[in-house]
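# Survey of secondary and tertiary structure
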Amino acid sequence: MNLTLEIWRQESPKAKGKFETYKVQNISADCSFLEMLDILNESLIDKVQLPINFDHDCREGICGMCSLYINGRPHGPDDEVTTCQLHMRKFKDGDTITIEPWRSKAFPVIKDLMINRNAFDQIIQAGGYVSVTTGGVPDANSIPVNREDAELAMDAAACIGCGACVAACKNASAMLFVAAKVSQFALLPQGKIEAKDRVKAMVAKMDELGFGNCTNTYACEAECPKGISVSNIARMNREFLCANVK
Amino acid sequence: MKSILNYSSLSKKYVMAVAGIFLMTFLVVHLAINLCLLRNDDGEWFNAAAHFMGTNYIVKFFEIFLFLGILIHVLLGVILQIQNWMARPVAYKSASKSTTSFLSKYMIYTGFVVFVFLIIHFMNFYFMKMGWVEPTFTLNGEEPDFYLVAKALFANNLYSIIYIVLITVLGFHLNHAFQAAFQSLGLNHPVYTPIIKKFATIYSILIVVGFNIIPVYFLFCNA
Ligand code: FES
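Rules of the game
- Residues numbered from 1 in each chain as written.
- Chains lettered and ligands numbered in written order.
- Predicted model: local features only at pLDDT ≥ 70, side-chain atom pairs only at ≥ 80, totals over all residues.
- Heavy atoms only, no water.
- Helix = DSSP H or I, 4+ residues; strand = E, 2+ residues; numbered from the N terminus.
- Contact = heavy atoms within 4.5 Å.
- Areas by Shrake-Rupley, 256 points an atom, 1.4 Å probe, with all protein chains shown as cover.
- Lys, Arg positive; Asp, Glu negative; His and termini not counted.
- Charge placed at Lys NZ, Arg CZ, Asp CG, Glu CD.
- Pairing = 2+ DSSP bridges.
- Axes fitted to C-alpha atoms, helices over the stretch in contact; angles between N-to-C directions.
- Patch = residues over 30% accessible without salt bridge, like charges linked within 9 Å, V, L, I, M, F, W, Y side chains within 5 Å.
- Salt bridge = Lys/Arg side-chain N within 4 Å of Asp/Glu carboxyl O.
- Buried < 20%, exposed > 50% of the residue type's maximum accessible area, 1.4 Å probe, protein only.
- Bend = angle between axes of the 7 residues up to and from the residue.
- pLDDT = per-residue confidence, 0-100.
- Domains from an automatic or database assignment.
- Buried area = accessible area lost by both parts, 1.4 Å probe.
- Polar contact = N/O pair within 3.5 Å; in protein donor to acceptor, adjacent residues only side chain to side chain.

What follows concerns the overall build of chain A. Assigned secondary structure in chain A consists of 9 helices and 7 strands. Overall size of chain A, expressed as C-alpha extent along the three principal axes, is 60 × 35 × 35 Å. If you take every contact in chain A between residues at least 6 apart in sequence, the share linking residues at least 24 apart comes to 69%. Split by element, the accessible area of chain A, about 11,300 Å² in all, is 50% carbon and sulfur. Between the mean site of the 27 positive side-chain charges and the mean site of the 31 negative ones, chain A shows a separation of 6 Å.

A few words now on the sheet that holds strand β2 (residues 18-24) of chain A. Residue and element names in this part refer to chain A. The sheet built from 5 strands is open, its strands ordered β2-β1-β5-β3-β4 with mixed pairing. Lying at the two open borders of the sheet, with one neighbouring strand each, are β2 and β4 (73-74). Relative to β4, strand β3 (residues 69-70) runs antiparallel, the two sharing 2 bridges. From the neighbouring strand, Tyr69 faces β4, where its bridge partner is Pro74. Along the sheet face, helix α1 (residues 33-46) touches β1 (3-9), β2, β3 and β5 (96-100) and points at about 80° away from the line of β1.

Once that is clear, we can look at a nonpolar patch on the surface. Residue and element names in this part refer to chain B. On the surface, Val74, Val78, Ile82, Trp85, Met86, Phe102, Tyr106, Tyr109, Phe115, Ile119 and Met123 cluster together into a nonpolar patch covering about 1,100 Å² of accessible area. At 5 residues, helix α3 (residues 57-86) tops the list of elements feeding residues into the nonpolar patch. Mapped onto the elements of the fold, Val78 is located in helix α3. With a relative accessible area of 38%, Val78 lands in the partly exposed category.

This next bit is on helix α4 (residues 107-129) of chain B. An α-helix turns once every 3.6 residues. As a result, residues three or four positions apart point the same way. Residue and element names in this part refer to chain B. Largest kink in α4: about 45°, centred on Phe122. The complete set of buried residues in α4 reads Met107, Thr110, Val114, Phe117, His121, Asn124, Phe125, Tyr126 and Met128. Positive backbone phi, approximately 80°, marks Gly131, located one or two places after α4.

For chain B, mean pLDDT is 90; residues scoring 70 or higher make up 98% of the total. Of all helices and strands in chain B, the one with the weakest mean pLDDT is strand β1 (residues 138-139) of chain B (77), whereas helix α6 (residues 157-184) of chain B scores best (95).

Turning our eyes to something else, we now look at the domain arrangement of chain A. Residues and elements named next belong to chain A. Split by domain assignment, chain A resolves into domain 1 (3-111) and domain 2 (117-245). Once you take the C-alpha centre of each, domain 1 and domain 2 turn out to be 29 Å apart. Each partner contributes to the interface: domain 1 provides 21 residues, whereas domain 2 provides 21 residues. The contact between domain 1 and domain 2 buries some 1,500 Å² in all, and 57% of this surface belongs to carbon and sulfur atoms. Taken together, the links from domain 1 to domain 2 amount to 2 salt bridges. When the shortest N-O distance is used, the salt bridge between Arg117 and Asp55 registers 3.3 Å. Taken together, the connections running from domain 1 to domain 2 amount to 7 residue pairs in polar contact (both at pLDDT 80 or more).

Below, the structure is given as structure tokens:
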């Protein structure tokens, strides 16, 4: 496949970025999207040019490091996959592909396509954990968990924190991420104990960091590589309401 | 008490939703009154309803909430929207291709149109009711004859057409608003949410058709 790529290049967080056009040739349809970018970077290095910075780590769709807003969709044209799991067969020979970083005030660009998602870490630090006193390992199944809740908690815990929800949302809202993190605990007995403080702290942090407000457009759910449902957002809305009423 | 402007994003949305639900309930009452215009009784029922709404103390009590509801809903809507615009200072080059609820993307615009409509509507009716402007038609020389006022407005084809368009935009706003209010309040359910969404569509169609029957009736049947 021969492709034209329009890629956002930005020297540093403060620098003014712009789109540059690159051509790549003879790309195999079985190549992953990131491998295609690796090939482009190799050719740039050969020409003694600066390679394009982009985030990745596991390349197995589990770490949530890869990002990229590809042709108007976070993680590109495939559903429920991360960019590292996207294959070039989803494109046609001769296509022009526009590649942009996630755009959000809370996710500043570090360089080129690489963004700082530290805001998510701060939200987790605000309350996305369960306090435990260490000691002997408790017996498995000593705390009974209803099957249905366990399933829902697992579904919420599938969130890899990639930020596609923020990238997709027209309001750059982090609601789906925060809701998934709130839900995975709120559904389980271990998490219920701190549920009220947790939801208050995490929502306050989310607001403070400058993410937008949810207007129920559900683009987040459509673009989540892990298929996290917006019913989690409703659960967080309930949790937060109850936490503030009582 | 914290100022409403300092509320968390979620609390602002609760208030938006509750105010919105109240306004949507009121619309049904309003529609019922408007439909009296269709009776061939020279405005007897319609004027009786208008008189009741203008004088009954319970209605007057709720009127306070109605104005508060409109004010808060508009104010919070604008604030939330400005924050949302600020949350993405650099726009994407490629237009979004994500699957979303279509009408949800235009709430601030449809909301603005509804607001303009409200202003026109207040100038035509409410100001007269309050005695701020001279009534164009009166019953017994003092109380405004809203039946004749409405009839005169709808006799103007341009007014009727604008009315029909604006009410249709209101319908677009309501269609998303109805279901979104439930989600904002945390009411999402695998069985009931799809029903709520269907009901939202039915509700918004009924509102649009119900209100628009009247200008259509005056345009074609009562010329
Ligand atoms: S690189 Fe780990 S999820 Fe894509």
